[in-house]
Amino acid sequence: MLAGISASGLVAGSPAHAQVPAHEQAQEQAQDTAALVGEERARFRIPAQPLSSALSVFGQQAGLQVSVNAAAVRGLSAPALSGELTRRGALGRLLAGSGLSWRSGGPRTVIVYAPGQAAGTANVGDTTVLDPVVLSSFDDGSGYQGTPDWVYSSASSISVVSRELIEQAPARNTRDLLDTVSGVYVNRSEGQNPGIAINIRGLQDQNRVVTMVDGARQNFQRSGHGASQRAYVDTAFIREIDVEKAATTGVGGAGALGGTVNFRTLEAGDIIEPGRTWGVEASAGAGTNALDFDGSLTAAARVSDRFSVIAGISHKKVGSYDVGKNGNIELWDDFTYVDGAVVFTGQDVLTTFLKGEAELGDSLKFTLSWMRNRTDSSQGSFSPSTGFDEDLEEITNNTIVARADWNPDSDLVDLKASLWYNHLANDETRGYVLDPDVLFPVDYAMATIGGSLENTSRFDVAFGALSVNYGMEMFHDDGTTQVDSGYLATAYPVSDGGIDLGVGFNGTNPNGRRTMLSGFANVTLEHDDWLTLSGGLRYDHSRLWGSTTIYGNSVRTQVPCDPGDTSFTCRRFGYRWVNVYPGADLSVDRSDGALLPNAMVTVQPFDWLQTFARFSQSYRAPSVMEALIAGGHPPPALPVNNAPNPDLKPEQGNTYEIGANVSRNGVFSAEDGFRMKAVAFYREIEDYISMGTVHRAEFNKDYTSYVNVDGTTRMSGVEIEASYDAGLYYLGGAFTWLHTDFGSTYTYQGVSQPVEPSVIFVPPEFKVTLDAGVRLLDRRLTLGARMNHVGGTNPGIGSLASGYVTSDYTLVDLYGSIRFNDHARLRFGVNNLTDVAYVPALGAESLPAPGRTITASFNVKF
């Protein structure tokens, strides 16, 4: 599994005794081009360095074994290589100008040789001497929980959730996969909703953390008593999850204050085995504790040498779960906890996926994909007097992504373009009403269209290899909330007039539009193989516009009686008294912009050690929700005390990081390896946005609105992910220490006042994960265990903060798999082995987490 050096012998499949005629070499090369795993794409980050060591890094990052004649590469250099390329294309770039060729030497094996010689041999006089150096890597995913090797050569605070971890056992929700990532928490305060709300280093909601599927932003938000930002993604067709915890300097970073999370979907090569033209993968799983079913069917075909297609369908059905039996937590009996289960925590998810991949020449690749996620769930509670109060949620999320990659034989062109569209519709049937026999619909939607264009040009200069990455990206949001006033009037018969009760829904989830345009340029200089300097600028510009209505205090007003009104006032005086709320329509049209620098220094004193220091500025303009807030709490509560704040400013952040990557093979034996990424950071944010009170002259009234917090909001911490893999056994772990200091006051019209949000979520300071396992029976049997300890937290800011207090908890999970043959595998697991009763971090006391759950799944691939 790990790199080794051999002084004799050839990789299977390479000729050993005779030179290969030119016409046979050409024929073999054509066959290799079609059959080699090099048709798959991988992400490469290889600094300029001697060719021999560059091929070693290539092998690690490509997941291939590379055999090369030592004499043939002596004295040769390789250029810097960065970006997502086919393995064939990446190898071609490394060998360009060297006079060397390559061929396949068997499954996941490449032989590099000098033309005119037998591959893998060196001629000395009349004697053929075998002198190969075999440079290989771990299987794909040699790092922490299957993290790919390129992460440990990336000078950034990035973590990856691998396909290995995703497939490990059926997950109740995709958000569960992020629980063991350092520096990352998942907000479960809206635990009845299956949407994913991600907190990175203390930041969440309002697109502070950008969530994407294949680069397509998932910008939907909906206000409530907890997290507002929600993404809906199922695990079935996700090949990895990339988490960037600081500002992204290239595509994806526009308007992102605190990082990005990108769910990358499967490719045809993930399903089609080498040497075949089609493949099918099917899985079916289930578990205890209401994990009823989780299954998928995926098929892929290589229609021609230039075109492939992959398609799939998945279904997940989960019911309301039981909480653990061991622990001391307060259960909200007869409210959210009924008959041993947490009510309305189930979901029914149907996902379909289609992607086409076309090679339109040796240097141009085009992909077009569509993923549709349909989720049915509920929210609500129970009352002993009225029974269940239930709102039905039907969520449909469509994501379409078109991408083109052009990488010709030119150092000046490495072009990537994308165009994408996301539409999420949350159709709610509201049942939590005064009249339980009346249901009415509320439709929330967010449509986002965007695209990007970037290019990387590379130059050889006196001091090393220079690359310039430059481009632009844009996206446009269109958020709407539709309420049927006729249904509202029936559901909420009230005597007050002059007010559209729909403002209880479309006031806090306003209709509005936002456009973001961003341009960037980053320059990187790689000096020899030990020093890299980079710096760049990004300019973000946003425009947001829309209209809303605010209301003044009620005025006691005489109005004519309705026909047939037989009340005393109407019979006696012919009129009646009502409370009328005067309204004023407001239009908001604002533009914001910022110039954002970044800089980085990377030093690699040893082949196995890379150190780096980074500085980056980030920026986030107010969202539609923040800029256009109006209305009030959904009815039957009638106060209409929200209004926009015309003085709201964007948030701006400075992040400082120092870190180290360790990637060492052969630590104690020829078959082991150690990987580690450690990062310490300090972040400060000016004008952090929370909630307070503003005064509007329209009605000389104070309103609840979004405001900028006084002073500097600070976050600091340490994040470590590491693994040691000896083949027979492995040990990994993650550590998070996070300290946050949120401002608690704001200044308005010269007066300092306490902020008034429902809650500012404060993540725990400590989180520790340990993961260990063994591989037995020639690696056909894997048995593992995981421990996750999470510290408690006590939010101190917000009117509802007391409902989000959590205590320390420690979870133990078991997992394993049996591989019957190359095509069939059984996976099994036990989550929360000790059946702990606990409230999850960034969760709500009313919604404790699931108890012990036993799962099993069967996977077939052919």
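Residues numbered from 1 in each chain as written. Predicted model: local features only at pLDDT ≥ 70, side-chain atom pairs only at ≥ 80, totals over all residues. Heavy atoms only, no water.

A.B. asks: What am I meant to see in the overall build of the protein chain here?
C.D. replies: Scanning the protein chain from terminus to terminus reveals ten helices and 47 strands. In the protein chain, buried positions account for 57% of the 862 residues. Partitioning the contacts of the protein chain with sequence separation of at least 6, the portion at a separation of at least 24 is 70%. Surface summary for the protein chain: the accessible area is close to 33700 Å², and the carbon and sulfur share equals 57%. (Helix = DSSP H or I, 4+ residues; strand = E, 2+ residues; numbered from the N terminus. Buried < 20%, exposed > 50% of the residue type's maximum accessible area, 1.4 Å probe, protein only. Contact = heavy atoms within 4.5 Å. Areas by Shrake-Rupley, 256 points an atom, 1.4 Å probe, with all protein chains shown as cover.)

A.B. asks: Honestly, a nonpolar patch on the surface in this entry has me stumped. Any pointers?
C.D. replies: Together, L354, L360, F366, L368, W370, I400, L419, Y421 and I449 make up an exposed nonpolar region whose accessible area comes to about 810 Å². Elements supplying a minimum of two residues to the nonpolar patch: strand 24 (364–383) and strand 26 (415–430). Along the chain, Y421 falls in strand 26. (Patch = residues over 30% accessible without salt bridge, like charges linked within 9 Å, V, L, I, M, F, W, Y side chains within 5 Å. Salt bridge = Lys/Arg side-chain N within 4 Å of Asp/Glu carboxyl O.)

A.B. asks: Would you mind showing me how to read the state of the cysteines here?
C.D. replies: Two cysteines, two sulfur atoms, one covalent bond between them: this is a disulfide. Scanning the entire structure with this criterion turns up one disulfide. Residue pairing for C561: its cysteine sulfur links by disulfide to C570, the two sulfurs lying 1.9 Å apart. One disulfide, between C561 and C570, carries an S-S torsion of -100° and so falls in the left-handed class. The exposure class assigned to C570 is buried, which follows from its relative accessible area of 10%. (Disulfide = S-S within 2.5 Å.)

A.B. asks: Whenever I open this one, the packing of aromatic side chains confuses me. Can you help?
C.D. replies: The description of two aromatic rings rests on the distance between their centres and on the angle between their planes. Enumeration according to the criterion identifies 18 aromatic pairs in this entry. Centroid distance W278 to F862: 6.3 Å. Interplanar angle 80°. Geometry classified as edge-to-face. Of this pair, W278 sits in strand 18 (residues 278–287) while F862 sits in the segment after strand 47 (853–861), placing them 584 residues apart in sequence. A relative accessible area of 40% places W278 in the partly exposed class. Looking at F862, the relative accessible area reads 38%, which means it is partly exposed. (Phe/Tyr/Trp six-rings, centres within 6.5 Å; stacked < 30°, edge-to-face > 60°.)

A.B. asks: Looking at this structure, I do not really get a negative patch on the surface. What am I missing?
C.D. replies: On the surface, E330, D333, D334 and D339 cluster together into a patch of negative charge. With respect to the helices and strands, D334 occurs in the loop between strand 20 (307–318) and strand 21 (337–338). (Lys, Arg positive; Asp, Glu negative; His and termini not counted. Charge placed at Lys NZ, Arg CZ, Asp CG, Glu CD.)

A.B. asks: Whenever I open this one, the pattern of salt bridges confuses me. Can you help?
C.D. replies: Once their charged atoms are close, side chains differing in charge can pair, the charge on each being opposite to the other. Within the structure shown, the criterion is met by 45 salt bridges. With its nearest N and O atoms 3.4 Å apart, the salt bridge here joins R827 to E167. Remark: E167 occurs in the loop between helix 5 (163–166) and strand 12 (184–187) and R827 occurs in strand 46 (residues 824–831); sequence separation between them is 660 residues. Judged by relative accessible area, R827 falls into the buried class, the value being 12%. Assessed through its relative accessible area of 22%, E167 is described here as partly exposed. Between E394 and R374 there is a salt bridge, with the nearest N and O atoms lying 3.2 Å from each other. Of this pair, E394 sits in strand 25 (residues 387–406) while R374 sits in strand 24; the two residues are 20 residues apart in sequence, bridging distant segments of the chain.

A.B. asks: Looking at this structure, I do not really get helix 2 (residues 51–62). What am I missing?
C.D. replies: Residues three or four positions apart in an α-helix share a direction because the helix packs 3.6 residues into each turn. With twelve residues, helix 2 should reach 16 Å at 1.5 Å per residue; the first-to-last C-alpha distance of 16 Å fits that figure. Taking burial as the measure, the twelve residues of helix 2 include nine buried ones, the bulk of the element. Phi for G63, located one or two positions after helix 2, is positive at around 70°. (Expected span 1.5 Å × (residues − 1).)

A.B. asks: Is there a simple way to explain the side chain of T396 in this structure?
C.D. replies: Within the secondary structure, T396 sits in strand 25. Judged by its relative accessible area of 13%, T396 is buried. When residues no more than four places from it in sequence are discounted, the contact partners of T396 are R372, N373, R374, H423, L424 and A425.

A.B. asks: Looking at this model, I keep getting lost on the environment of H789. Mind explaining?
C.D. replies: Topologically, H789 is positioned in strand 44 (residues 781–790). H789 sits in the partly exposed class, given a relative accessible area of 26%. A C-alpha to C-alpha distance of 5.2 Å links H789 and V768, two positions 21 residues apart in sequence. H789 has contacts with F766, K767, V768, D808, Y809 and T810, leaving out every residue within four places of it along the chain. Of note is the side chain of H789, whose polar atom sits 3.4 Å from the backbone oxygen of Y809. (Polar contact = N/O pair within 3.5 Å; in protein donor to acceptor, adjacent residues only side chain to side chain.)

A.B. asks: Explain the sheet that holds strand 14 (residues 210–213) here, please?
C.D. replies: One key point about sheets: their strands pair by backbone hydrogen bonds, in either a parallel or an antiparallel sense. The sheet built from five strands is open, its strands ordered 11-16-17-14-15 with mixed pairing. In this open sheet, the two strands that pair with only one neighbour each are strand 11 (158–161) and strand 15 (216–217). Where strand 14 lies against strand 15, two bridges are found, and the strand directions are antiparallel. Note that in strand 15 the partner of M212 across the bridge is R217. (Pairing = 2+ DSSP bridges.)

A.B. asks: Can you walk me through helix 4 (residues 87–95) in this structure?
C.D. replies: With seven of nine residues buried, helix 4 is to be regarded as a mostly interior element. All of the buried residues in helix 4 are R87, R88, A90, L91, R93, L94 and L95. Downstream of helix 4 by one or two residues, G97 has phi in the positive range, about 80°.

A.B. asks: Looking at this model, I keep getting lost on the packing of helix 2 against helix 4. Mind explaining?
C.D. replies: Between two packed helices, both the angle of their axes relative to each other and the distance between the axes serve to describe the pair. It is the contact of helix 2 with helix 4, at a shortest axis distance of 11 Å, that shows an interaxial angle of 170°. By the angle between their axes, helix 2 is roughly antiparallel relative to helix 4. Residue-level inspection shows L51, A54, L55, F58 and A62 of helix 2 in contact with helix 4, the latter providing R87, A90, L91, L94 and L95. (Axes fitted to C-alpha atoms, helices over the stretch in contact; angles between N-to-C directions. Parallel < 35°, antiparallel > 145°, perpendicular 65-115°, else oblique.)

A.B. asks: Any chance you could explain unusual backbone geometry here in plain terms?
C.D. replies: Phi is mostly negative for residues that are not glycine, and the peptide bonds are mostly trans. Residues other than glycine seldom take positive phi values, yet F344 does so here, at roughly 60°. In this structure, F344 sits in the loop between strand 22 (341–342) and strand 23 (347–359). Taking the relative accessible area as the measure of exposure, F344 reaches 13% and is therefore buried.

A.B. asks: Sorry if this is basic, but what is going on with the environment of G250 here?
C.D. replies: In this fold, G250 is placed in the loop between strand 16 (238–244) and strand 17 (260–265). For G250, a relative accessible area of 11% puts it in the buried group. Distance in space between the C-alpha atoms of G250 and E454 is 8.3 Å, their sequence separation being 204 residues. Filtering out sequence-adjacent residues up to four positions away, G250 remains in contact with E473, F520 and R538.

A.B. asks: What am I meant to see in the pairing of strand 27 (residues 440–461) here?
C.D. replies: Remark: a regular strand shows side chains that alternate across the two faces of the sheet. Pairing analysis gives 16 bridges linking strand 26 to strand 27, with the strands arranged antiparallel. Among the inter-strand pairings, H423 is bridged to a residue of strand 27, identified as A447. Linkage of strand 27 to strand 28 (residues 464–483), two consecutive antiparallel strands, is achieved through a turn of two residues.

A.B. asks: Teacher, can you tell me more about the environment of P757 here?
C.D. replies: Relative to the assigned elements, P757 resides in the loop between strand 42 (751–754) and strand 43 (766–776). What makes P757 buried here is its relative accessible area of 5%. In sequence terms P757 and S690 are 67 residues apart; their C-alpha atoms lie 6.3 Å from each other. For P757, the contacting residues outside a window of four places in its chain are S690, M691, I797, G798 and S799.

A.B. asks: Looking at this model, I keep getting lost on the pairing of strand 36 (residues 673–686). Mind explaining?
C.D. replies: Across 14 bridges, strand 35 (residues 651–665) lies against strand 36 in antiparallel orientation. Within strand 36, the residue paired with Q652 across the bridge is E686. Sheet topology places strand 36 next to strand 39 (residues 712–725); 14 bridges connect them, and they run antiparallel. Note on strand 39: the bridge partner recorded for M676 is A722.

A.B. asks: Where do I start with the side chain of S369 in this structure?
C.D. replies: Position of S369 relative to the elements: it lies in strand 24. Overall, S369 belongs to the buried group, its relative accessible area being 7%. Setting aside residues up to four positions removed in sequence, S369 forms contacts with D214, F353, L354, K355, T399, I400 and V401.

A.B. asks: Would you take a moment to explain the confidence of the model for the protein chain for this structure?
C.D. replies: When pLDDT is low, close inspection of the predicted coordinates is not appropriate. Scored by pLDDT, the protein chain has a mean of 86; 88% of the residues are at 70 or more. When pLDDT is averaged over each element of the protein chain, strand 15 comes out on top at 98 and strand 9 (residues 127–130) at the bottom at 30. Throughout residues 1–38 the model reports pLDDT below 50, and contacts reaching past four residues in sequence, or to other chains, amount to 82 contacts. (pLDDT = per-residue confidence, 0-100.)

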